[in-house]
Amino acid sequence: MKKIIAILAIGLSMTACVNEDANTDPNSAYTTVPGSLITYAQKELSDYVNTPSVNENNFRLTMQYWQETTYVNESNYDFTNRNVSNQIYSDNYVNVLKNLNKAKEIINAYAPTASELADWPVNKKNQLAIIEIMQVYTYQLLVDTFGNIPYTQAADLNKYPLPAYDDGATIYQDLITRITAATANLTNVAEDHDFPSFTKGDKYYNGDIPSWRIFANSLKLKLAIGIADSNPSLAQTTANAAIAAGVMTSPANNGHFPYLPDSPNYNPLYENLEASGREDFVGGKTLVDYMNASSDPRRPGYFTTKGGQYIGLPIGEGGEFADYSHAGDYAYTPDTPGNILTYTEVAFYVAEANARWNTAAAPAAYTAAVTASILEWGGSAADATAYLATKPYDAVNWKKSIGEQAWVAMYNQALTGWNFWRRLDFPVLLAPPTAINNAGGKVPVRMTYPVLEQQTNSTNWKAASTAIGGDLLTTKLFWDKF
């Protein structure tokens, strides 16, 4: 219990956003309200997904969107030196899932007052459903990063301090079941807006149930596409159901965390690039050259120019910050929203679903996805039309068409870009010759388990490593079939 209280106290003290929901004693896990925990979990999840910190999230480097200027270890796949996997576990299992579990406990234990009694059953279902949706999102992220992970025993670390690892494919199936049930539990009556659930704690949608329903359907589609090659029957059924129920159709549906202009609540990009005073990252040559070849209209949003040109640093090499294009204004703006799930991302899932199972609609869906990305970054419809003339949909090699364009579009959502690349095998990315030996001359297709797990949960770590085919950067996940 002391460990739980410490975790929650740290979470509450670090996030000024929660003040509107905090009780008199915000450092006590016994007196806090679930809204405070939701805010903290959402911020921690967004911080992890969006940070460029080399101690936590190196996927902008792995996907060759960026390159390091001075310390090039991480762009050469040396993640162990900084214990990156340990931090990923801590970010997600402790800061996100543990706080969500605690919020769930508080909600289930709450005794409504007489004036709340009539509305509480629906409100409670909505609150628990929102927590469930966020947990599904987080567990999928962890499976997609490591493969088999602690799951059934991970929710109760007091009972299971050394949790067993579950099979990744089995977890995916359960996540689909959970997201379906959670969506059904979001109230579907005319008075939706009378039950906004977390009126203050929810920073993604301010407790708006119709928005959460769209988010949940979109997440269900993401789960479906994730297993399209490993379980195509379940994937198709799930994708069709999600699209029919209503997924994101515009940027107004985006799920993101609204960062603020001041510390400690500004975007982690700003924290690491501007507030730190460091000049660690510039554009990666792989992406910059690809975009230059087609005069991509997104370049002014993605990067600055050097001498009027967009210039990327070769992958794995160091260089002078001033000699290359660096990230655009979005990364140096403190309150740039933190992406969790966006319309552009979902549009590419719709395009991929159509390419796989409804080929007649695939060209239009592909066009819609690419257009969504160009508009997102300040381009016009005319820009999109001109660009698509150079990158038309190829029905014969649709994986190349969608894979390359999703890679470009997910520039500011590198974890998602990594998923598209591993699943579709495009674009062709080459490891730098300076990459560590453990990468086997390849771009990593998974993260290795935390060193801490090897040290403290050795038996379960060994079993999980054997089950997936080895705890290596080169071990493909169960859904990465080709």
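The rules we used
Residues numbered from 1 in each chain as written. Predicted model: local features only at pLDDT ≥ 70, side-chain atom pairs only at ≥ 80, totals over all residues. Heavy atoms only, no water. Helix = DSSP H or I, 4+ residues; strand = E, 2+ residues; numbered from the N terminus. Rg over C-alpha atoms; globule rule 2.2 N^0.38 Å. Contact = heavy atoms within 4.5 Å. Polar contact = N/O pair within 3.5 Å; in protein donor to acceptor, adjacent residues only side chain to side chain. Core = buried A, V, L, I, M, F, W, Y, C linked by side-chain atoms within 4.5 Å. Buried < 20%, exposed > 50% of the residue type's maximum accessible area, 1.4 Å probe, protein only. 1 Å grid on protein atoms, 1.4 Å probe; cavity = no way out; pocket = protein on both sides within 12 Å on 5 of 7 lines; lining within 4 Å. Points joined across faces, edges and corners; volume = space filled by probe spheres on them. Nonpolar A, V, L, I, M, F, W, Y, C, P; charged D, E, K, R; others polar. Phe/Tyr/Trp six-rings, centres within 6.5 Å; stacked < 30°, edge-to-face > 60°. Lys NZ or Arg CZ within 6 Å of the ring centre and 35° of its normal. pLDDT = per-residue confidence, 0-100.

1. Things to note about the overall build of the protein
Here is step 1: On a plain count of helices and strands, the protein comes out with 18 helices and 6 strands.
Here is step 2: A compact globule built from 482 residues would reach a C-alpha radius of gyration of about 23 Å, and the protein, at 22 Å, matches this within 12%.
Here is step 3: Along the first, second and third principal axes, the C-alpha atoms of the protein reach 65 × 50 × 45 Å.
Here is step 4: Intrachain contacts of the protein at a sequence separation of at least 6 include 73% that bridge at least 24 residues.

2. What to know about the side chain of serine 75
Here is step 1: Its place among the elements puts serine 75 in the loop between β1 (66-68) and α4 (84-109).
Here is step 2: A polar side-chain atom of serine 75 sits 3.0 Å from a polar atom in the side chain of glutamine 67.
Here is step 3: Ignoring any residue separated from it by four or fewer positions in sequence, one finds serine 75 in contact with Leu61, Gln67, Glu68, Ile315, Gly316 and Pro432.

3. Some details on the nonpolar core
Here is step 1: Counting 133 residues, the largest nonpolar core has Trp66, Phe215 and Tyr411 as the members making the most contacts within it.
Here is step 2: The element that contributes the greatest number of residues to this core is helix α5 (residues 120-146), accounting for 13 residues.
Here is step 3: In this structure, tyrosine 411 is in contact with Arg60, Tyr65, Trp66, Leu287, Tyr302, Phe303, Ala327, Tyr330 and Trp377, ignoring residues within four places of it in sequence.

4. Regarding the layout of surface pockets
Here is step 1: What the second largest pocket holds in volume is close to 410 Å³.
Here is step 2: The set of elements that each furnish at least two residues to the lining of the second largest pocket consists of α2 (34-50), α4 and α5.
Here is step 3: For the lining of the second largest pocket, the leading source of residues is α5, giving 3 residues.
Here is step 4: When its residues are assigned to classes, the lining of the second largest pocket shows 7 nonpolar, 6 polar and 4 charged.

5. Some points on the environment of aspartate 471
Here is step 1: Here aspartate 471 shows up in the segment after α18 (458-468).
Here is step 2: For the pair aspartate 471 and tyrosine 449, spaced 22 residues apart in the sequence, the C-alpha separation amounts to 6.7 Å.
Here is step 3: In this structure aspartate 471 touches Arg446, Thr448, Tyr449, Gln454, Trp461 and Ser465, once residues within four positions along its chain are discounted.
Here is step 4: Within the structure, aspartate 471 has its side chain in polar contact with the backbone nitrogen of tyrosine 449 (distance 3.0 Å).

6. A few points about the packing of aromatic side chains
Here is step 1: Across all of its chains, the model carries 31 aromatic pairs by this definition.
Here is step 2: Here the aromatic rings of tyrosine 290 and tryptophan 407 are separated by 5.5 Å at their centres, their planes lie at 80 degrees, and the arrangement is edge-to-face. You can see tyrosine 290 sitting in helix α10 (residues 285-293) and its partner tryptophan 407 sitting in helix α15 (residues 398-409), a full 117 residues away along the chain. Judged on exposure class, the residue tyrosine 290 and its partner tryptophan 407 are both buried.
Here is step 3: Relative to tyrosine 411, the ring of phenylalanine 303 lies with its centre 5.2 Å away and its plane at 65 degrees, an arrangement referred to as edge-to-face. Taken together, the residues phenylalanine 303 in the loop between α11 (299-302) and β6 (338-341) and tyrosine 411 in the loop between α15 and α16 (414-424) connect sequence positions 108 residues apart.
Here is step 4: Assessed through its relative accessible area of 3%, phenylalanine 303 is described here as buried.
Here is step 5: Members of the aromatic cluster, joined through ring pairs, are Tyr65, Tyr290, Tyr302, Phe303, Tyr330, Trp377, Trp407 and Tyr411.
Here is step 6: The cationic tip of arginine 423 hangs over the ring face of phenylalanine 420; the distance from NZ or CZ to the ring centre is 4.8 Å.

7. Notes on the confidence of the model for the protein
Here is step 1: Here the protein averages 92 in pLDDT, while 91% of its residues score no lower than 70.
Here is step 2: In the model, residues 1-30 has pLDDT below 50 throughout and makes 49 contacts with residues more than four positions away in sequence or in other chains.

8. Observations concerning the environment of tyrosine 270
Here is step 1: Structurally, tyrosine 270 is set in helix α9 (residues 268-275).
Here is step 2: A relative accessible area of 18% means that tyrosine 270 is categorised as buried.
Here is step 3: Here the alpha-carbon distance between tyrosine 270 and isoleucine 468, two residues 198 residues apart in the chain, equals 37 Å.
Here is step 4: Each residue touching tyrosine 270, except ones within four places of it in the same chain, is listed here: Ala275, Ala331, Tyr332, Thr333 and Pro334.

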